[in-house]
Amino acid sequence: MKIIISNASSDPIYMQIMNQIRQSILSGELRAGDSLPSIRQLAKDLQISVITTKRVYEELEKEKLIDSVVGKGSFVSGANKDFIREQRMKQLEEKMLDIIRESKELSMSQQDVIDHMKLLFEEEHTP
C-alpha cells in the first residue's frame, strides 16, 4: 500500500490518508486480516504527526474497516463482504450524484444521461 500526500490538495492530510487506505480496503488491495503499519511507523514514513495517523485509524475503526488490538497493531477488519459491498455502493452513489449534478448544468435530459451511460458501459465491456 502506497500513500501519497498532496500539499496542493484542499483535503486535510488525515482525510487524504484515510481515503487512500479506505480505497485500498474497498478495492480488495488490502484484505481482511492484513496488518497495517503501526501509528508511529506510518507517521514516520509519511513524515507527519502521530496525532494525524491516530485520527486516521480511529476514523477507519468507526467505519468498521479496521480493528486495532492493543499491543498487536491494526488490521483490516474481517467485516463481511456485504458490508464492504454496501460501502462501495455508497461511494458509487456519490459519484452518480456528481454526474447527475454535472449533467443538469449541461442541460442534459435524464434520457440523454442514460443513453450516454449505456454507451460508455457497452464500450467498457467490449474486448
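For the structure itself, look to the data block above.
If you're wondering where the values come from, they're calculated on a predicted model, not measured in any experiment.

On to the pairing of strand 1 (residues 66–69). Judged from the 4 bridges that link them, strand 1 and strand 2 (residues 73–76) form a sheet pairing that is antiparallel. From the neighbouring strand, Val69 faces strand 2, where its bridge partner is Gly73. As consecutive antiparallel partners, strand 1 and strand 2 are separated by 3 residues, and within that stretch Gly71 has a phi angle of approximately 85°, a positive value.

This paragraph deals with the packing of aromatic side chains. Here the structure, examined in full by the defined rule, presents 0 aromatic pairs. The ring of Tyr14 has Arg55 sitting right over it, with the charged end atom 3.6 Å from the ring centre.

Moving on to the side chain of Gln16. Inspection of the secondary structure assignment puts Gln16 in helix 1 (residues 13–26). Apart from the residues lying within four places of it in its own chain, the contact partners of Gln16 are Ile4, Ile5, Ser6, Ser9 and Asp11.

This next bit is on the nonpolar core. Residues Ile17, Ile21, Ile25, Leu42, Val56, Tyr57 and Leu60 are the most contacted members of the largest nonpolar core, which totals 19 residues. Of all the secondary structure elements, the ones that give two or more residues to this core are helix 1, helix 2 (39–46) and helix 3 (50–62). With 6 residues, the single largest contributor to this core is helix 1. If we skip the residues at most four places from it in the chain, Val56 touches Tyr14, Ile17, Met18 and Ile21.

About the thresholds
Residues numbered from 1 in each chain as written. Predicted model: local features only at pLDDT ≥ 70, side-chain atom pairs only at ≥ 80, totals over all residues. Heavy atoms only, no water. Pairing = 2+ DSSP bridges. Helix = DSSP H or I, 4+ residues; strand = E, 2+ residues; numbered from the N terminus. Phe/Tyr/Trp six-rings, centres within 6.5 Å; stacked < 30°, edge-to-face > 60°. Lys NZ or Arg CZ within 6 Å of the ring centre and 35° of its normal. Contact = heavy atoms within 4.5 Å. Core = buried A, V, L, I, M, F, W, Y, C linked by side-chain atoms within 4.5 Å. Buried < 20%, exposed > 50% of the residue type's maximum accessible area, 1.4 Å probe, protein only.

What is shown is where atoms sit, not what they do.
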